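Next come the chains, spelled out residue by residue.
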Amino acid sequence: HQPEPRFNNHRSRVRGIVMGVNQDELVSAYVGIMMLRETGCTLPVEFWSLPGELSPKDPVISLLVEKHNVKLRVVTDERIRGWFIKPYALLYSDFDDVLVLDSDNIAVKNPESLFDSEEYLKYGAIFWPDFWHPGYSLFATFTEHSLAW
């Protein structure tokens with residue numbers, strides 16, 4: 001059974017962060033969350049994983065859930081694998097305004113202001129290429145006049 005995406009028409013918008021995380025990426029995700037909190041970011045975070053990949057009993061997970069406003073979410077569609085978790089998490093997240101981060105992203109500045117930026121308010125999205133693989137990014141085909149920056 002596939003859940004219906006949640007659409008918010010009756011309350012203020014909820015902002016948050018989603019990450020696709022598996023056990024191998026847990027240390028990186030933990031560091032990423034700690035750095036987010038160090039910047040002053042208070043946005044709630046959802047960790048999305050495939051069934052059985054993360055255990056709520058893991059001490060790192062327990063700490064993140066109890067002290068750092070992280071919620072575990074599980075993909076319910078058996079067709080979803082690998083990086084396809086990202087669009088799935090974006091669609092099924094409990095957030096209206098979503099920042100999708102890789103589990104190895106490290107914030108050096110509080111990202112909350114992105115949601116109030118002129119670009120986000122105008123276009124409803126902000127994109128940037130993956131720093132580690134700029135030659136393989138879909139953004140390499142865009143021009144300086146592209147809506148993705």
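Each chain carries its own residue numbering, running from 1 in the written order of its sequence. Owing to the predicted nature of the model, reporting of local features is limited to residues with pLDDT of at least 70; listing and counting of side-chain atom pairs is limited to 80 or more, with chain, interface and lining totals taken over all residues. Excluded from the side-chain calculation are hydrogens and water; included are all heavy atoms of the structure.

K.L.:
Hey, could you run me through the environment of V65 in this one?
P.N.:
Helix and strand definitions here come from DSSP, where helices need a minimum of 4 consecutive H or I residues and strands a minimum of 2 consecutive E residues; each element is numbered from the N-terminal end. Tracing the backbone through its elements, the reader meets V65 in helix α2 (residues 59–67). Burial classification: accessible surface area is computed with a 1.4 Å probe over protein chains only, and a residue below 20% of its type maximum counts as buried, one above 50% as exposed, and the rest as partly exposed. Taking relative accessible area as the criterion, V65 reaches 37% and is therefore assigned partly exposed.

K.L.:
So what exactly am I meant to see when it comes to a nonpolar patch on the surface here?
P.N.:
Together, V27, V31, M35 and I106 make up an exposed nonpolar region whose accessible area comes to about 330 Å². Locating I106 in the fold gives a position in the loop between β4 (97–101) and α4 (118–123). Any residue with relative accessible area above 30% and no salt bridge may belong to a patch, with like charges joined within 9 Å and the nonpolar Val, Leu, Ile, Met, Phe, Trp and Tyr side chains within 5 Å. Areas reported here follow the Shrake-Rupley algorithm with a probe of radius 1.4 Å; residue values treat only the protein chains shown as occluding. For salt bridges, the criterion is a side-chain nitrogen of Lys or Arg within 4 Å of an Asp or Glu carboxyl oxygen.

K.L.:
I would appreciate a short explanation of the pairing of strand β3 (residues 70–74) in the present structure.
P.N.:
Two faces make up the sheet, and in a regular strand the side chains alternate between them. The pairing of strand β2 (residues 45–49) with β3 spans 5 bridges and is parallel. The residue bridging E46 from the neighbouring strand is K71, located in β3. Think of it like this: strands point away, you trace from the first strand over the helix to the second, and a clockwise trace means the crossover is right-handed. The β-α-β motif built from β2, the intervening α2 and the parallel element β3 has right-handed crossover chirality. For two strands to pair, DSSP has to find at least two bridges joining them.

The values reported here are purely geometric and, on their own, carry no functional implication.
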